[in-house]
Amino acid sequence: MTAEAVEEPFRTQLTVRLRDGHTLLGVDLPGPCTFTSGNGIDVLWMGPDEYLVLAEPGRQAELEAALSRESAVLAVVDVSAQRVTVRLTGAHARDVLAHGCSIDLDPSVSPPGTCVQTLLARTGIVLMVREDGFTILVRQSFANYFTAWLADASPEYVS
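Per chain, the residues get numbers from 1 upward, laid out in the order the sequence is written. Totals for whole chains, interfaces and linings use all residues, but because this is a predicted model, local features are given only for residues with pLDDT of at least 70 and pairs of side-chain atoms are given and counted only at 80 or more. With hydrogens and water set aside, each side-chain value is computed from the structure's full complement of heavy atoms.

1. Things to note about the overall build of the chain
So, step 1. Assigned secondary structure in the chain consists of three helices and twelve strands.
So, step 2. By the compact-globule yardstick of 15 Å for 159 residues, the chain fits well, its C-alpha radius of gyration being 16 Å.
So, step 3. By principal-axis analysis of the C-alpha atoms, the chain measures approximately 50 × 30 × 25 Å.
So, step 4. The contact rule is simple, with two residues in contact once any of their heavy atoms fall within 4.5 Å. Pairs at least 24 residues apart make up 62% of the contacts formed inside the chain by residues separated by at least 6 positions.
So, step 5. Exposure was quantified through the Shrake-Rupley algorithm and a 1.4 Å probe, taking into account, for residues, occlusion by the shown protein chains and nothing else. Put simply, the chain shows about 7900 Å² of open surface, and 52% of that area lies on carbon and sulfur atoms.
So, step 6. Across the chain, the 11 positively charged side chains and the 20 negatively charged ones have centroids separated by 5 Å. A helix here means a DSSP run of H or I that spans at least four residues, while a strand means a run of E at least two residues long, and both kinds are numbered starting from the N terminus. Between the two quantities, the radius of gyration covers C-alpha atoms and the globule rule is 2.2 Å times the number of residues to the power 0.38. Neither His nor the chain ends contribute to the count of charged residues, in which Lys and Arg are positive and Asp and Glu negative. Every charge is mapped onto a representative atom, which is NZ of Lys, CZ of Arg, CG of Asp or CD of Glu.

2. A short note on the pairing of strand β12 (residues 133-139)
So, step 1. Using a 1.4 Å probe on the protein chains alone, a residue whose accessible area is under 20% of its type maximum counts as buried, one over 50% counts as exposed, and one in between counts as partly exposed. For β12, the buried fraction is high: six of the seven residues fall into the buried class.
So, step 2. The pairing of strand β9 (residues 83-89) with β12 spans six bridges and is classified as antiparallel. By the bridge assignment, Val86 is partnered in β12 with Ile136.
So, step 3. Pairing between two strands requires that DSSP report at least two bridges joining them. Pairing between strand β11 (residues 123-130) and β12: six bridges, direction antiparallel. The residue bridging Met128 from the neighbouring strand is Thr135, located in β12.
So, step 4. Taking the residues that link successive antiparallel strands as the turn, the β11-β12 hairpin has two residues.

3. Details of the sheet that holds strand β7 (residues 50-55)
So, step 1. Pairing within the open sheet is antiparallel, and its five strands lie in the order β5-β6-β7-β2-β8. With partners counted over all chains shown, the strands left at the sheet margins are β5 (35-38) and β8 (73-78), one partner each. Strand-to-strand twist of the sheet, defined as the mean angle between neighbouring strand axes without regard to direction, takes the value 25°.
So, step 2. Sheet strands in contact with helix α1 (residues 60-68) are β2 (12-18), β6 (41-47), β7 and β8, and its direction is about 15° off that of β2. Working convention: axes come from line fits to C-alpha atoms, limited for helices to the stretch in contact. Angles between N-to-C directions cover 0 to 180 degrees.

4. Quick word on helix α3 (residues 143-153)
So, step 1. Among the residues of α3, those classed as buried are Ala143, Phe146, Trp149, Leu150 and Ala153. Buried residues of α3, seen end-on, are gathered within an arc of 125° and therefore sit on one face of the element. For α3, the exposed residues lying more than 90 degrees away from the buried face are Asn144 and Asp152.
So, step 2. Buried positions along α3 lie against β1 (4-7), β9, α2 (93-98), β10 (115-120) and β12. As used here, the arc belongs to the directions running from the helix axis to the C-beta atoms.

Below, the structure written as structure tokens:
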């Protein structure tokens, strides 16, 4: 097996708009095209004042309550049902992504901690580069298409 795609269970996903600030839920805010992690969450930079908070399933209410107490937070929207989360790992994960993504995923250009919104096989995704592979967030309405594309993209790599 040289690449493995696994759908992660339903993840907590909250879109957060900020007035200003340097941390969110005790985690340093990431810069453009990056994400930071800590306290059991990932914080993804989505735009100049917009972040996506990812956490394990079932933490929506807890995190929304904590965010409502942060003075810099302008809005919080639960988007947990909006996207499917897929982990792609293995020696050929980059090769599989290269079949449908124009982002240069060479580690010197896209090191772990990189987070971009891009197209993969004409489908809008959020792509996170991790030490052990990639996390791909794809809209629920495109999930079946994305899964079929992934299986077809490079059958010699994916198992």
